[in-house]
Amino acid sequence: MSHVASTASIPAVQTERLAKRFARTWALQGVSLTIGTGESVCLLGPNGSGKTTLLRVLATATRPTSGQARVFGHESIDDGDAVRRRIGLLSHRTFLYGELTALENLRFAAVMYGLELDHRQLEAALADVGLDYAADHRVRGFSQGMTQRLALARATLHAPPLLLLDEPYSALDAAGLQLLDQFLIRYVGGGGTVIVVTHQVERGLAACERAIALKAGRLVFDGRSDAFRSSPEAAGVGDWTR
Amino acid sequence: MTELRRIWIVVWKDALTERRTKAAFNAMAFFAGLVLLIFAFAIGPDIPVSGPAGQGLLEYIAPGLLWVAILLTGVLALGRSFQVEMENGALEGLRLYPGDRRAIGAGKIIANVLTLVAMEALVVPIAGILYSIDLWSKLPALAGVFLLATLGFAAVGTFYAALTANLRAREVMLPLLLFPVMVPVVLAAVKATFLVLNGDLMGELSAWVRLLVVFDAVFVTVCTLAFGFVLEE
């Protein structure tokens, strides 16, 4: 998998005093961080700490209340289209159409991304996530794990240089978890940047070299994954079993 | 070219989804037929209208009744077209694709025109039978009026359906917002349908058709251009 090479010298993600408020609740409060191109980052924190909100701001799915977020130098509000071309988002919601087959969902996504992929290339994308056998099955009949795999194929169809994964391990069986781990190794090895939000802490830390922890919308830890295990912030961020 | 492909794929996706979930279309057609039937029972065929044409009241007001049925059913179809986008957060997925969002708006409008035309192709003959209207001899002119009115209806309806898609009370809000804006289209469509069916002795038809054309030109343009803002959070 190859990604946009010209962005190597620009940080993949840069936020400055990023804040987001929902009614009276601050989901993010003054989050400033920089993530370099090719880094793999595990974003941790207890429920309501702002992990998903941060991901959604980076994906241009929601506007920050104040502060700035840049993706490969493009401002998330003013230059949203350029940001959207460079990101793949795997969200809690799969963005898939239940009445379409797996292949039809990918065909739709490919055209919407402005790609010209033929039938063989779409089947290859399905094979990458182990769903080639279900190409002509409607998504409505898929299990949660199959849906998650297809959502991953959809999110990475345009080979984005930045991949944002929100709870990617949920609903996956052992084979699916292994497939995702291998996928992430290939992706980062190919120069891609990935941010993984998860409550499966040990698995997330194993997959990523850097850990960032949020608590009540504030950045409380930013360092190597190894260092996070022994940090005081490690308690209460999620499930440590793999 | 890319944007044309994006328009086409949105139409393809909506048409395919509609074809596979026949329940929605069947329910709409059944609902429209039921509305027409209730009007037929409520008014009855025997009340005469005092006028030169000498037809019954039901036949006289049939264009109005037909458009009321189409409007009520159409609102269901328009709401349904965005209900599909709410499942699995697909509407947000649409928002997060790069490219011109007007292509999505144009695709949704075309898809809704197709759905409404398919529904009208079923409902109009039913009205012809129930209200004893001779449709066949006036079919080309009638089809022209219906296409023009449907285009305006679909454009405004798609815009408001997208606007209300995230609201909890969207079933109520959509007709509340849509119907006031639709008054010129309904007025022109009913008048033009009446003149096509009963003869255009005073040469008024062209004025109503012009109103439909102007409404379509303005609202298809405005609704397509503004669709990107509707998709914003």
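Remember, predicted model here, so these are calculated numbers, not experimental data.

Participant: Describe the overall build of chain B, and please don't skip the residues or the numbers.
Facilitator: For chain B, the helix and strand inventory stands at nine helices and zero strands. The order of helices and strands in chain B, counted from the N terminus, is α-α-α-α-α-α-α-α-α. Computed over the C-alpha atoms, the radius of gyration of chain B is 18 Å, within 12% of the 17 Å expected from 2.2 N^0.38 for a compact globule of 233 residues. If one aligns the C-alpha atoms of chain B with their principal axes, the spans along those axes are about 60 × 35 × 30 Å. For chain B, the residues scored as buried account for 45% of the 233 residues in total. If you take every contact in chain B between residues at least 6 apart in sequence, the share linking residues at least 24 apart comes to 80%.

Participant: Give a detailed account of the overall build of chain A, specifying residues and quantitative values.
Facilitator: Scanning chain A for helices and strands turns up eight helices and ten strands. Compactness check: chain A gives a C-alpha radius of gyration of 17 Å against a globular reference of 18 Å for 242 residues, within 12% of the reference. Taking the principal axes of the C-alpha coordinates as reference, chain A spans close to 45 × 40 × 35 Å. Residue burial in chain A is summarised as follows: out of 242 residues, 48% are buried. Counted over contacts in chain A with a minimum sequence separation of 6, partners at least 24 positions apart contribute 68%.

Participant: So what's going on with unusual backbone geometry? Residues and values would help.
Facilitator: All names here are of chain A. One non-glycine residue, alanine 23, lies in positive phi territory at about 50 degrees. Here alanine 23 shows up in the loop between strand 1 (13–22) and strand 2 (25–35). One non-glycine residue with positive phi stands out, namely alanine 216, at about 50 degrees. Positionally, alanine 216 belongs in the loop between strand 9 (210–215) and strand 10 (218–224).

Participant: Provide a residue-level description of the environment of leucine 76 of chain B, including the pertinent values.
Facilitator: Residue and element names in this part refer to chain B. Relative to the assigned elements, leucine 76 resides in helix 4 (residues 62–86). In this structure, the C-alpha to C-alpha distance between leucine 76 and glutamate 171, residues 95 residues apart in sequence, is 8.4 Å. Not counting the four nearest positions on each side in its chain, leucine 76 is found in contact with Met28 and Phe31.

Participant: Summarise the sheet that holds strand 5 (residues 74–75) of chain A; cite the residues concerned and give the values.
Facilitator: All names here are of chain A. Overall, antiparallel pairing links the four strands, which are arranged 2-1-4-5 in an open sheet. At either end of the open sheet lies a strand with only one pairing partner, and these are strand 2 and strand 5. Two strands pair when backbone bridges link them, and strand 1 and strand 4 (residues 66–71) are joined in this way by five bridges, in the antiparallel orientation. Looking across to strand 4, one finds that threonine 15 is bridged to alanine 69.

Participant: Quick rundown of the interface of chain B and chain A? Include the residues and the values.
Facilitator: Residue-level contacts link 20 residues of chain B with 23 residues of chain A. The set of elements that each furnish at least two residues to the side of chain B that touches chain A consists of helix 1 (2–20) and helix 5 (90–95) of chain B. Considering every element that reaches the side of chain B that touches chain A, the biggest residue donor is helix 1 of chain B, with eight residues. Split into classes, the residues belonging to the side of chain B that touches chain A amount to six nonpolar, seven polar and seven charged.

Participant: An account of the sheet that holds strand 6 (residues 87–90) of chain A is requested, with residue identities and associated values reported.
Facilitator: Residues and elements named next belong to chain A. In space, the six strands of this open sheet follow the order 6-7-8-3-9-10, with mixed pairing throughout. Looking at strand neighbours, the two that pair on one side only are strand 6 and strand 10, the edges of this open sheet. On average, each strand axis in the sheet is tilted by 15 degrees relative to the strand beside it, whichever way the strands run. Its contacts with the sheet place helix 6 (residues 174–189) against strand 3 (40–44), strand 7 (162–166) and strand 8 (193–197), and it is angled at close to 145 degrees to strand 8.

Participant: I'd like to hear about the pairing of strand 2 of chain A, residue by residue, with values.
Facilitator: Note on strand geometry: in a regular strand, side chains alternate between the two faces of the sheet. Residues and elements named next belong to chain A. With seven bridges connecting them, strand 1 and strand 2 associate as antiparallel partners. Within strand 2, the residue paired with leucine 18 across the bridge is valine 31. Here strand 1 hands over to strand 2 after two residues, with alanine 23 in that stretch at a positive phi of 50 degrees.

Participant: Lay out the packing of helix 3 (residues 102–112) of chain A against helix 4 (residues 119–128) of chain A in plain terms, naming residues and giving numbers.
Facilitator: All names here are of chain A. At a minimum axis distance of 10 Å, the contact between helix 3 and helix 4 shows a crossing angle of 115 degrees. Between helix 3 and helix 4, the angle falls in the class roughly perpendicular. Like other packed secondary-structure pairs, helix 3 and helix 4 cross with a definite hand, here right-handed. Facing Ala102, Leu103, Leu106, Arg107 and Ala110 of helix 3, the residues of helix 4 in contact are Leu122, Ala125 and Leu126. Broken down by class, the residue content of the contact of helix 3 with helix 4 amounts to seven nonpolar, no polar and one charged.

What counts, and at which threshold
- Residues numbered from 1 in each chain as written.
- Chains lettered and ligands numbered in written order.
- Predicted model: local features only at pLDDT ≥ 70, side-chain atom pairs only at ≥ 80, totals over all residues.
- Helix = DSSP H or I, 4+ residues; strand = E, 2+ residues; numbered from the N terminus.
- Rg over C-alpha atoms; globule rule 2.2 N^0.38 Å.
- Buried ≥ 20, exposed ≤ 12 C-beta atoms within 10 Å, placed from the backbone.
- Contact = placed C-beta atoms within 7 Å.
- Pairing = 2+ DSSP bridges.
- Nonpolar A, V, L, I, M, F, W, Y, C, P; charged D, E, K, R; others polar.
- Axes fitted to C-alpha atoms, helices over the stretch in contact; angles between N-to-C directions.
- Parallel < 35°, antiparallel > 145°, perpendicular 65-115°, else oblique.
- Left-handed = near helix turned anticlockwise from the far one by under 90°.

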